[in-house]
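Fold and geometry: a report
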Amino acid sequence: MAQRGTAFFDRKGNFFKSPEEATRSDLAALLGKIGDGESLAPGIAHTLLECRAEIERLFAEHDAMTVDAGGTASNVTRLKA
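Described in the following lines is the structure provided in the data block.

Calculation notes
Counting starts from 1 at the beginning of each chain's written sequence and moves along it residue by residue. It should be noted that, the model being predicted, local features are given only for residues of pLDDT at least 70 and side-chain atom pairs only at 80 or more, the latter also being counted only at that level, while totals for whole chains, interfaces and linings use all residues. Excluded from the side-chain calculation are hydrogens and water; included are all heavy atoms of the structure. Labels follow the DSSP assignment, with helices taken as runs of H or I lasting at least four residues and strands as runs of E lasting at least two, numbered in each case from the N terminus. Categorising residues by exposure relies on relative accessible area from a 1.4 Å probe, with only protein chains included: less than 20% of the type maximum marks a residue as buried, more than 50% marks it as exposed, and the intermediate range marks it as partly exposed. For this analysis, residues touch if any pair of their heavy atoms sits within 4.5 Å. Accessible areas in this description were obtained via Shrake-Rupley with a 1.4 Å probe; residue shielding takes into account the shown protein chains only. Positive: Lys, Arg. Negative: Asp, Glu. His and the chain ends are not part of the count. Every case where a carboxyl oxygen of Asp or Glu lies within 4 Å of a side-chain nitrogen of Lys or Arg is listed as a salt bridge. N or O atoms within 3.5 Å of each other form a polar contact, as long as, within protein, one can give a hydrogen and the other can take it, and as long as residues adjacent in sequence are counted only when both atoms are side-chain atoms.

**Describing the overall build of the protein**
What the protein contains, in helices and strands, is three helices and two strands. For the protein, the sequential pattern of α-helices and β-strands runs β-β-α-α-α. In the protein, which comprises 81 residues, the proportion classed as buried is 12%. Residue pairs at least 24 apart in sequence account for 9% of intrachain contacts in the protein once pairs closer than 6 positions are excluded. Counting every atom, the protein has about 7,000 Å² of accessible surface; 57% of that belongs to carbon and sulfur.

**As for the side chain of D10**
Here D10 lies in the loop between β1 (8–9) and β2 (15–16). With no salt bridge to any partner, buried D10 finds its closest opposite charge in K12, at an N-O distance of 6.4 Å. Among the polar contacts made by the side chain of D10, one reaches the main-chain amide nitrogen of N14 at a distance of 2.8 Å. A distance of 2.6 Å separates polar atoms of two side chains, one belonging to D10 and the other to S25. Beyond its immediate chain neighbours, meaning those up to four positions away, D10 contacts F16, A22, S25 and D26.

What follows is the structure, encoded as structure tokens:
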């Protein structure tokens, strides 16, 4: 008997059973290959997703400090978004 289900897809169109798995795949793709041998990107992507709230808070604090400091120090190169 046919059944109905929910599926999640990453940006490449790969199928996943959960939104977390699809997001981890997209994060790992953004990170690219990290390290020698087997890439560390999937593990880093997992950690990023698990620590999302803390990471977002850190970036918000960073942005506030940057504004409070009047922009960027002259010896610091801003990273492109």
